[in-house]
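Coordinate analysis (summary)
Below are the chains, spelled out letter by letter.
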Amino acid sequence: MENSVRDTVILGTGCSGLTAAIYAARANLNPLVIEGHEPGGQLSMTTLVENFPGFPEGIQGPELIENMRKQAERFGAEYMAGHLVSADLGHYPFTLNFGSKSVQARTLIIASGASARWLGLPSEQALIGYGVSSCATCDGFFFRDKPITVIGGGDSAMEEALFLTRFASKVTLIHRRDHFRASKIMLDRARQHEKIEFLPDTVVEDVYDVQKKEVSGLKLRNVKSGKVWDFPTSAMFLGIGHHPNAKMFTGQLDMDQDGYLKTHDFVFTRVPGVFACGDVQDRRYRQAITAAGSGCAAAMEAEKFLEEHGR
Ligand code: NAP
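It should be emphasised that the depicted structure is a prediction, and the values quoted were computed from it without experimental measurement. (Residues numbered from 1 in each chain as written. Predicted model: local features only at pLDDT ≥ 70, side-chain atom pairs only at ≥ 80, totals over all residues. Heavy atoms only, no water.)

**As for the sheet that holds strand β11 (residues 147–151)**
Spatial ordering of the open sheet is given by β10-β17-β11-β12-β13, a layout of 5 strands whose pairing is parallel. Here the strands that pair on one side only, and so sit at the sheet edges, are β10 (132–133) and β13 (196–199). Where β11 lies against strand β12 (residues 170–174), 5 bridges are found, and the strand directions are parallel. Counterpart to Ile151 in the pairing with β12 is Ile174. Against the sheet, helix α5 (residues 155–164) makes contact with β11, β12, β13 and β17 (235–238), and its axis sits at roughly 170 degrees relative to β11, the strand it touches most. (Pairing = 2+ DSSP bridges. Helix = DSSP H or I, 4+ residues; strand = E, 2+ residues; numbered from the N terminus. Contact = heavy atoms within 4.5 Å. Axes fitted to C-alpha atoms, helices over the stretch in contact; angles between N-to-C directions.)

Right, here's the structure in full:
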């Protein structure tokens, strides 16, 4: 596999990458699919997906991803674990460097998605894995019958808060404003849940207790009144959105001010033969189904590109 030239390399195994893999594999491109630090992407960290067409009762995110993975494999997709260190998109075929391995590609589909955003407090960073988490489905279980705090005001925060009510004695949802980005249905569900309490207009200033290597509480500040107080809690889950995973293409592909890859005509980057799909290039919709749709388009364009270049 090393140093071989592949027709299509797909970076990422989330919804967009795996959909691209299904289409590319069915087009006989024998795609090499790179599985990075967060295999399965955001869907693998979620619970019930209720809005993916075709599942009237909903489907668990990890199950949906596993199904896509198997579906692509059935048609010949190959998987390789790897973290992209650097890429040379200036020479053809493109070279992708994964540390000890390098791969050359005639077409590249970037589906590297987006990763969880953190508040950026030193105490928060020191306590990741010790009560600070961005994945309720991964870590919620450890806080059975304990008070848990969720940060954020979007659908992710509502979803995390609702999921964590299974374990927590109480969930406190802290949001920096009193307006919520979350959809009405999710917000209503969270508001109506007896275990969830809302703390709007509030920001976290510090997380205790770095010395003890466990979360024992938060220093909070009300942004309207200025009041500062200590709030006991056993865990802090972040649900404050995501940032695109595109840094490795800085200088080679166009990006917007927040680092999202710029595409034209849905999935084209400025480099012919390099396509981008899913959350790494979509700051507007960010849905599983739109990620899947752009993954399909990227694979179809890759196939067309190869055909036009005599493959
Ligand atoms: P989002 O909609 O961008 O919401 C992020 C939230 O975090 C906002 O309320 C934002 O506050 C807050 N925030 C951001 N940075 C912060 C900081 N430094 N400190 C404190 N708060 C901060 O992100 P998301 O909830 O992850 O949702 C992303 C997309 O996925 C949306 O389109 C959503 O509908 C979708 N989604 C859907 C579902 C579902 O349907 N089941 C589940 C999850 C996600 P401000 O509002 O003040 O900016």
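**Some points on the domain arrangement of the protein chain**
Domain boundaries in the protein chain define domain 1 (5–115 + 242–308) and domain 2 (118–238). When each unit is reduced to the centre of its C-alpha atoms, the spacing between domain 1 and domain 2 is 31 Å. Taken residue by residue, the interface counts 6 residues in domain 1 and 7 residues in domain 2. For the pair domain 1 and domain 2, the summed buried surface comes to about 490 Å²; carbon and sulfur atoms form 48% of the total. Per-residue buried area on domain 1 facing domain 2 is highest for Met45, Thr47 and Glu50; these three make up 72% of the total on that side. (Domains from an automatic or database assignment. Buried area = accessible area lost by both parts, 1.4 Å probe.)

**Describing the state of the cysteines**
One pass over the full model with this rule turns up 1 disulfide. Between the sulfur atoms of Cys135 and its disulfide partner Cys138 the distance amounts to 1.9 Å. Taking the sign of the torsion about the S-S bond as the criterion, the disulfide between Cys135 and Cys138, at about 70 degrees, is right-handed. On the accessibility criterion, Cys135 (4% relative accessible area) is buried. Taking the relative accessible area as the measure of exposure, Cys138 reaches 42% and is therefore partly exposed. The closest cysteine sulfur to the non-disulfide-bonded Cys15 is located on Cys277, 9.9 Å from its own sulfur. Take Cys15: its relative accessible area is 8%, and that puts it in the buried class. (Disulfide = S-S within 2.5 Å. Buried < 20%, exposed > 50% of the residue type's maximum accessible area, 1.4 Å probe, protein only.)

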